[in-house]
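Structural description and commentary
Each chain is listed here by its residues.
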Amino acid sequence: MELHMTDLSFVALACGLIIGLGAIGACIGIAIMGGKYLEASARQPELMNTLQTKMFLLAGLIDAAFLIGVGIAMLFVFARPFS
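This is a predicted model, so every value here is computed, not measured.

**Digging into the UniProt feature "transmembrane region" (unreviewed entry) in the chain**
The UniProt record annotates "transmembrane region" (unreviewed entry) at residues 12-35 and 55-79. Across residues 55-79 one finds 100% helix and 0% strand; the C-alpha atoms that close the span lie 35 Å apart.

**Re the UniProt feature "domain: V-ATPase proteolipid subunit C-like" (unreviewed entry) in the chain**
Following the UniProt record, the feature "domain: V-ATPase proteolipid subunit C-like" (unreviewed entry) maps to residues 13-76 here. Summarising residues 13-76: 94% helix, 0% strand, and an end-to-end C-alpha distance of 11 Å.

**Details of a nonpolar patch on the surface**
A cluster of nonpolar side chains, namely Phe-10, Leu-13, Leu-17, Leu-21, Ile-24, Ile-28 and Ile-32, defines an oily patch on the protein surface of about 740 Å² accessible area. Mapped onto the elements of the fold, Phe-10 is located in helix α1 (residues 5-43).

Procedures and definitions
- Residues numbered from 1 in each chain as written.
- Predicted model: local features only at pLDDT ≥ 70, side-chain atom pairs only at ≥ 80, totals over all residues.
- Heavy atoms only, no water.
- UniProt positions renumbered as here; feature names shortened; annotations may be inferred.
- Helix = DSSP H or I, 4+ residues; strand = E, 2+ residues; numbered from the N terminus.
- Patch = residues over 30% accessible without salt bridge, like charges linked within 9 Å, V, L, I, M, F, W, Y side chains within 5 Å.
- Areas by Shrake-Rupley, 256 points an atom, 1.4 Å probe, with all protein chains shown as cover.
- Salt bridge = Lys/Arg side-chain N within 4 Å of Asp/Glu carboxyl O.

Okay, here's the thing in structure tokens:
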């Protein structure tokens, strides 16, 4: 099966969208979570350490979801699984 230029350009466009939208989503998610952490720690300062631990755990999970998207995009770019 032969790849045409339009097929290759759609793959590049899809990879750009995967990475771009994933980055925007991760940034918005971490920003909302950080704001809620600041609100919660201002209301109950005695829970700050517990909340901070949970916040860092969730930040890692949000970034992991974005990096999985980057890995899938790199698979499409370099390995060409559909050709």
